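Summary of the model geometry
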Protein chains: 6
Amino acid sequence: MFSSLATIFDRLSHDPDVRVVLLSGAGDKAFSAGLDVSGAASSGPVGAPAETDDFARRAWKIRRHALAYQNAVNAIERCEKPVICLMHGISYGAAVDIATAADVRYCTEDVKLCVREIEVGLAPDVGTLSRMPKIGVSYSWAKEVIYSARVFGGQEAAQQGFVSRHFQDKESLLEGGLLLAKNIAIKSPVAVQSAKALWDFSRDHTVQDGLLYTAAWNGAMVQADDVKKAILSGIHKTKPTFGKL
Amino acid sequence: MFSSLATIFDRLSHDPDVRVVLLSGAGDKAFSAGLDVSGAASSGPVGAPAETDDFARRAWKIRRHALAYQNAVNAIERCEKPVICLMHGISYGAAVDIATAADVRYCTEDVKLCVREIEVGLAPDVGTLSRMPKIGVSYSWAKEVIYSARVFGGQEAAQQGFVSRHFQDKESLLEGGLLLAKNIAIKSPVAVQSAKALWDFSRDHTVQDGLLYTAAWNGAMVQADDVKKAILSGIHKTKPTFGKL
Amino acid sequence: MFSSLATIFDRLSHDPDVRVVLLSGAGDKAFSAGLDVSGAASSGPVGAPAETDDFARRAWKIRRHALAYQNAVNAIERCEKPVICLMHGISYGAAVDIATAADVRYCTEDVKLCVREIEVGLAPDVGTLSRMPKIGVSYSWAKEVIYSARVFGGQEAAQQGFVSRHFQDKESLLEGGLLLAKNIAIKSPVAVQSAKALWDFSRDHTVQDGLLYTAAWNGAMVQADDVKKAILSGIHKTKPTFGKL
Amino acid sequence: MFSSLATIFDRLSHDPDVRVVLLSGAGDKAFSAGLDVSGAASSGPVGAPAETDDFARRAWKIRRHALAYQNAVNAIERCEKPVICLMHGISYGAAVDIATAADVRYCTEDVKLCVREIEVGLAPDVGTLSRMPKIGVSYSWAKEVIYSARVFGGQEAAQQGFVSRHFQDKESLLEGGLLLAKNIAIKSPVAVQSAKALWDFSRDHTVQDGLLYTAAWNGAMVQADDVKKAILSGIHKTKPTFGKL
Amino acid sequence: MFSSLATIFDRLSHDPDVRVVLLSGAGDKAFSAGLDVSGAASSGPVGAPAETDDFARRAWKIRRHALAYQNAVNAIERCEKPVICLMHGISYGAAVDIATAADVRYCTEDVKLCVREIEVGLAPDVGTLSRMPKIGVSYSWAKEVIYSARVFGGQEAAQQGFVSRHFQDKESLLEGGLLLAKNIAIKSPVAVQSAKALWDFSRDHTVQDGLLYTAAWNGAMVQADDVKKAILSGIHKTKPTFGKL
Amino acid sequence: MFSSLATIFDRLSHDPDVRVVLLSGAGDKAFSAGLDVSGAASSGPVGAPAETDDFARRAWKIRRHALAYQNAVNAIERCEKPVICLMHGISYGAAVDIATAADVRYCTEDVKLCVREIEVGLAPDVGTLSRMPKIGVSYSWAKEVIYSARVFGGQEAAQQGFVSRHFQDKESLLEGGLLLAKNIAIKSPVAVQSAKALWDFSRDHTVQDGLLYTAAWNGAMVQADDVKKAILSGIHKTKPTFGKL
């Protein structure tokens, strides 16, 4: 599942027909119940028989493994198009790793969110611990839910800024997500995708570096036909149509 | 307007008679409606006739242009004195660039805030994308309003932490801003301006670097007469007056 | 007091019998009223007679002094175990330095929180200015309370995300803190302490660096007995007991 | 060629039978004459007809293209095994990009090294400008050869520290490379590959971060059987054989 | 002198008729004897009467002063065109600050180079201590000459990589500088100036950041007419002429 | 030995009677033969019986151990006074860790330098891999000697910039070291120690950050009596005596 996540998002990233991505869970019960930990623990580098490798070599392979999983989740962040993550039902462990890598997070009121890794004896290593300190939520709250692995719902998630909206049920969640997606899809893809790239760069750099990168970037992007189209549409009160990217 | 913004703030920065700056919009209608984009698009490097320069040279000049605009907004941040930004009415585009560069943001309840750049076909490049990820707002919310270019009001701005207070109307906004300004103006300018400098440095550095810079900085600043004055005033229950800076 | 703070937390950090630390103030009145500034101003490098040293040498010694104080507060952050800070009553100055270095912050409703340093003529230099920009609170709000040195209570602290919960009185605060502490203490210490270390590293680094460090770290930590224990307990519906660290 | 470079090095990176990689050019004339610029300029995103895309969209695609080329050269650096680059004859443009991504650089005396990109109207963008400032060569010398695109030989390259040795001819170059490779191949792969990973991390981070990462890394790696084997071999004066990785 | 340094270089930076800058000293005796320290010590913020300001306020003004001096020297680095610094005779203190901000350094054999600040009781603060650790010279050597404030000549400077060439006398120095300048001036200014910008960015960032910035930058710059001109000239064996920038 | 290294250097750092530190090896044979690896491997966390701890807990303790060793070597770098390291005879492993943490490195011609860790199955983790990439030596050369663990002498060390001078024998080495030490000891300690602090900060930061830190630092330090003393001495041709620090 994880490796196809990377394949799919890397394809969406360059597909000119895609302008925004909605990521939701199939069925009523869950967005994702997280990794099958007991499976992972009995196979893969962790579960491999101790005779084969010494401890260091096992650690080395586990590291390679973690990097591969991280790479899959990173695909959501490196996807050039904005990704809206819609969570409902059980949304444990990997669900949170995936959600924090998305641009916008929406959920239902009765979603069951949980950073569950500590419950199974390990620290999250697929993204939550690296991204959650950077998405504008209270550290005191985040560490509380991570250390205690407690479940939290949609209202708390919205109040803490983990999601920007919560909805009554899955149906209205999908509607809300679709509405936002449509709203984004009619915008200039050059502008939208530039904003994603520039925000994410700025997150990890000083304000000065963010500004410098933005100026270099926009030297080209401001020359898109989209700017003129948008201005003309504004003057003529028409709806502009922007070319693919 | 933009270049005089830099001139004014650079002067306020070193003017010993200034202790705090209040930035508000004239009139009832708007704090700022943003850049005159159609003007900018038909003049300047973007609007210059294509014959003159090849694409690369145009990009080069647009970059120089963006750096100049950024430099103007940066003047608010590099102003040694705290800047309180009071927003009312239409507060679009450049209004948000300016506000995010200020120290404290207040607004009216019916303010119309909007990161509007994507609506006109470009990604914000004068500060919003570089500073907003660093001012303690929810990323999910911020990306939603940026990608969709939707308008939000004072209540939402306060709830999301974009402003720290909202007021019923422009009059009470100015009163509230003035009250805070007076409260700051009676404090030691060495202490207040040091706090601004050290917070802004810390924002862009590791905690360890922030502490190191603070310790080097305060080696001199703790030797201000202000500390003794403040303590004596505390003992004698008098109001201290602090020298200019 | 400050130097014993470092000694105590450095000991707690490596003590295998400790799994989580609760930090609260004795008595009813205060968590901490901050440094005895008038004492500090008349002794130590600041108060030393001017004849002894020139200005530069005094600044040098004040810097050494500040680094020593910072080191004491840093002990809370570098403590391998999670630290829960419980604040009630007067919680001024150093109280906030200490609290921002903790992992989780709880307080009473009637707590009197105040970043008070500017009131006494100096910029905070023991941690508040370096850590508060990184704990997920609104910058506009934080700068307002720092520049004005105004007092804020438990409700405001919770609303702004400075604390994650507030309680009616000191008794319920201690109960709430203890409940969370117990909940953490029964988890795998390898997992909990790894989460603290990885979160704090990620705070100060890019997402990519955070992921890289996490993958290197977990190469070893995923091989703890705790993972198997936790999974087996999950299958057999028993409560696992995790070894010391 | 470039995309197979990535494929090959990514495979070598995890292949347990490989301990060190020697990279040299076939034939007598050249290590590499660089990219076929006239080919690249008439095909790919640069050469694509202007009608298809506006300038911004072309810039976007050129950026994607550059990232793909960079990714290919990065494969040399991210290859877990040390890479020794052996240069002879014409070694222009991409040759230098590739060489700077390797761990060790050797060359013949009559090698013709040249950072040639500026000669063809563009700034190097596949690695030279990002890596050369970090490999311990004089900036004054490097900028001189880059701006002027002048050719330099083996003696100058060695004197400036760009290569660590130069040899009389290609034959002795290969011998010298092979000798070093053999010397590395008999060492513990855990130790050798750790050293590469830790050096490269440290290059891009503060000394303090480098030390922190190293301590986390070696917690696992010091527990390799290799340490005991190496010590026993030292005592018994035997040659140890280390397991694959 | 210092403030006109900034004015001049900022003008050269955007002047389309300038392609490269040669910076040399008038007369036979000196490139620069450094700041007139005794003058600076009796005037300016350092020399101002103590009555006016307390120590903290004096420190504040000295800092503003230092930032202004630094800004002047920075103008050499932020000048978009490459700067070649030609040193002869006495080249003390500020001479080294200026030289380290240039792109290429040449000198005469009998130049008298000296980081002289420590001799007059202060640590260099106009650039040497911030730039010299980044120009590829041995730290052991650099700290030796800085701490001891000893004079070193052209041969030592070349051997240590501080300069890339040394010449017998001032005349041949100027000739050598002019030759390099001409060689650079006939190249594409888009390519040359891009290389300067990208190298300097990469110096201060990780390799990964350098590559990312380069890819964004070149999206526009590779579309310069210069690339086609250069390639055609290569095919037709003619000398291309590149447009201004 | 290692823990007393920290104690001694931390004391020297604040001792006002010390102005510069010379670090050399007793006896004729060795500066240091490195850690007693076979001892370390049979005791301490590495050698502890496997029953006591699982792999993860062992890794955790090895990490604590490495941090303690690193802290000891760091004491040389954090020592406020310049440290000159004089190497002769066997200088293996820890010798190089120690030397790279010093400010200036001198050695004898027949010194036997070796980064020996890989020979004993592990990657250096006490400083060499984190500091050597930052001291201005060729990466190609450094990686060659690290991967191969080969011995190199004084001439090669000097040519590569690892040391700044080499001497015929231990006696002349000590003389040379003493001469430099005396030269530094008569300088202003405010100036000398500031230079060390500012250089080391700049090494790990951008040029812009280095300049900013320097300006804040020198606000106080330029006000030392030393500047006036030095200038007066210059005018009166006398030798100044500078106060302790």
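Quick word on the overall build of chain A
Helix and strand counts for chain A come out as 12 helices and 7 strands. Projected onto the principal axes, the alpha-carbon positions of chain A cover approximately 70 × 40 × 35 Å. Scored against the burial criterion, the 245 residues of chain A give a buried share of 61%. Partitioning the contacts of chain A with sequence separation of at least 6, the portion at a separation of at least 24 is 70%.

Here's the deal with the interface of chain C and chain B
Each partner contributes residues to the interface: chain C has 39 residues there, and chain B has 44 residues. Those elements that provide at least two residues to the side of chain C that touches chain B are helix H2 (37–42), helix H4 (55–78), helix H6 (128–131) and helix H7 (139–148) of chain C. The element contributing the most residues to the side of chain C that touches chain B is H4(C), with 9 residues. Looking at side-chain class alone, the side of chain C that touches chain B contains 20 nonpolar, 9 polar and 10 charged residues.

As for the packing of helix H7 (residues 139–148) of chain D against helix H9 (residues 170–185) of chain E
Contact geometry of H7(D) with H9(E) gives a least axis separation of 8 Å together with a crossing angle of 45°. Viewed along their axes, H7(D) and H9(E) adopt a mutual orientation that is oblique. Contacts between H7(D) and H9(E) involve D:Glu144, D:Tyr147 and D:Ser148 from the former and E:Leu180, E:Asn183 and E:Ile184 from the latter. Counted by class, the contact of H7(D) with H9(E) contains 3 nonpolar, 2 polar and 1 charged residues.

Regarding the interface of chain C and chain A
It is common to report an interface's size as the accessible area lost on association of the parts. In this complex, chain C contributes 44 residues to the contact, which on the side of chain A involves 39 residues. Where the side of chain C that touches chain A is concerned, the elements lending two or more residues are strand S5 (104–108), helix H9 (170–185), helix H10 (189–203), helix H11 (207–221) and helix H12 (225–236) of chain C. If you tally residues by element for the side of chain C that touches chain A, the top one is H11(C), at 10 residues. Within the side of chain C that touches chain A, the residues separate by chemical class into 23 nonpolar, 14 polar and 7 charged.

Quick word on the relation of the copies chain C and chain A
With an RMSD of 0.0 Å, chain C superimposes on chain A once it is rotated by 120° and translated 0.0 Å along the axis. Here the copies are linked by what is in effect a three-fold axis. Rotation axis and chain C: the residue whose C-alpha lies nearest the axis is C:Gly136, separated from it by 3.0 Å. In this assembly the copies use different faces: only 2% of the residues contributing to the interface of chain C also contribute to that of chain A.

Re the relation of the copies chain C and chain B
Its rotation angle being 120°, the transformation that places chain C on chain B also includes 0.0 Å of axial translation and leaves an RMSD of 0.0 Å. The residues that chain C uses at the interface reappear at the interface of chain B in only 5% of cases, marking distinct surfaces.

Let's talk about the sheet that holds strand S2 (residues 30–32) of chain D
Residue and element names in this part refer to chain D. Taken together, the 3 strands give an open sheet; going across it, the order is S2-S4-S6, and neighbouring strands pair in parallel fashion. Both outer strands of the open sheet, S2 and strand S6 (112–114), are each paired with one neighbouring strand and no more. Strand after strand, the sheet turns through a mean of 15° between neighbouring axes, direction not considered. Taken together, the 3 bridges between strand S4 (residues 90–92) and S6 define a ladder with parallel strand orientation. Within S6, the position partnered with isoleucine 90 by the bridge is lysine 112.

Thoughts on the domain arrangement of chain A
Residue and element names in this part refer to chain A. What the domain assignment lists for chain A is domain 1 (2–185) and domain 2 (189–236). Taken over C-alpha atoms, the centre of domain 1 sits 28 Å from the centre of domain 2. With 8 residues of domain 1 in contact, the opposing surface of domain 2 contributes 6 residues. Considered class by class, the residues forming the side of domain 1 that touches domain 2 number 2 nonpolar, no polar and 6 charged.

With respect to the pairing of strand S3 (residues 83–87) of chain A
Residue and element names in this part refer to chain A. For S3, a buried count of 5 out of 5 residues is recorded, marking the element as mostly surrounded by other parts of the structure. Of the two faces of S3, the one carrying Val83, Cys85 and Met87 and the one carrying Ile84 and Leu86 are both buried. Across 4 bridges, the pairing between strand S1 (residues 21–24) and S3 is parallel. Looking at the pairing, leucine 22 lines up with isoleucine 84 of S3.

Side note on the packing of helix H11 (residues 207–221) of chain D against helix H4 (residues 55–78) of chain F
Remark: H11(D) packs on H4(F), axes separated minimally by 8 Å, with the N-to-C direction vectors making an angle of 145°. You can see that H11(D) and H4(F) cross each other, and the crossing is right-handed. Together, D:Leu211, D:Ala215, D:Ala216, D:Asn218, D:Gly219 and D:Ala220 of H11(D) and F:Ala59, F:Trp60, F:Ile62, F:Arg63, F:Ala66, F:Leu67 and F:Gln70 of H4(F) make up the contact between the two elements.

Details of the sheet that holds strand S1 (residues 21–24) of chain C
All names here are of chain C. Taken together, the 4 strands give an open sheet; going across it, the order is S1-S3-S5-S7, and neighbouring strands pair in parallel fashion. Each of the sheet's edge strands pairs with one partner strand only, and the pair in question is S1 and strand S7 (165–167). Sheet twist, expressed as the mean angle between neighbouring strand axes with direction ignored, is 20°. Strand direction decides the pairing type here: S5 and S7, joined by 3 bridges, are parallel. Among the inter-strand pairings, threonine 108 is bridged to a residue of S7, identified as phenylalanine 167.

Considering unusual backbone geometry
All names here are of chain B. Phi at alanine 149 takes a positive value of approximately 55°, unusual for a residue other than glycine. The topology assignment puts alanine 149 in the loop between helix H7 (139–148) and helix H8 (154–159). For alanine 149, a count of 21 C-beta atoms within 10 Å gives the class buried.

Things to note about the environment of F:Asp204
Looking at the secondary structure, you find F:Asp204 in the loop between helix H10 (189–203) and helix H11 (207–221). Linking F:Asp204 and F:Asp169, residues 35 residues apart in sequence, is a C-alpha distance of 35 Å.

Some points on the environment of A:Pro16
Residues and elements named next belong to chain A. In this structure, proline 16 sits in the loop between helix H1 (2–14) and S1. Among the residues examined, proline 16 registers 10 C-beta atoms within 10 Å and is labelled exposed. Considering only alpha carbons, one finds proline 16 and proline 189, 173 residues apart in sequence, at a separation of 9.5 Å. Those residues within four positions of proline 16 in sequence are excluded, and the remaining contacts are Lys244 and Leu245.

Details of the environment of E:Asp17
Residues and elements named next belong to chain E. For aspartate 17, the location among the structural elements is in the loop between helix H1 (2–14) and strand S1 (21–24). A count of 6 C-beta atoms within 10 Å places aspartate 17 in the exposed class. In sequence terms aspartate 17 and tryptophan 141 are 124 residues apart; their C-alpha atoms lie 40 Å from each other.

Re the confidence of the model for chain A
Looking at chain A as a whole, the pLDDT averages 94, with 94% of positions reaching at least 70. Across the whole predicted complex the pTM is 0.97, and at the interface the ipTM reaches 0.96.

Describing helix H7 (residues 139–148) of chain E
Most of H7(E) is tucked away: 10 of the 10 residues are buried. Burial in H7(E) covers these residues: E:Tyr139, E:Ser140, E:Trp141, E:Ala142, E:Lys143, E:Glu144, E:Val145, E:Ile146, E:Tyr147 and E:Ser148. At its buried positions, H7(E) is contacted by strand S5 (104–108), helix H9 (170–185) and H10 of chain F. Among the residues trailing H7(E), E:Ala149 stands out with phi positive, at a value near 55°.

What counts and what doesn't
Residues numbered from 1 in each chain as written. Chains lettered and ligands numbered in written order. Predicted model: local features only at pLDDT ≥ 70, side-chain atom pairs only at ≥ 80, totals over all residues. Helix = DSSP H or I, 4+ residues; strand = E, 2+ residues; numbered from the N terminus. Buried ≥ 20, exposed ≤ 12 C-beta atoms within 10 Å, placed from the backbone. Contact = placed C-beta atoms within 7 Å. Nonpolar A, V, L, I, M, F, W, Y, C, P; charged D, E, K, R; others polar. Axes fitted to C-alpha atoms, helices over the stretch in contact; angles between N-to-C directions. Parallel < 35°, antiparallel > 145°, perpendicular 65-115°, else oblique. Least-squares fit on C-alpha atoms with pLDDT ≥ 70 in both. Pairing = 2+ DSSP bridges. Domains from an automatic or database assignment. Left-handed = near helix turned anticlockwise from the far one by under 90°. pLDDT = per-residue confidence, 0-100.

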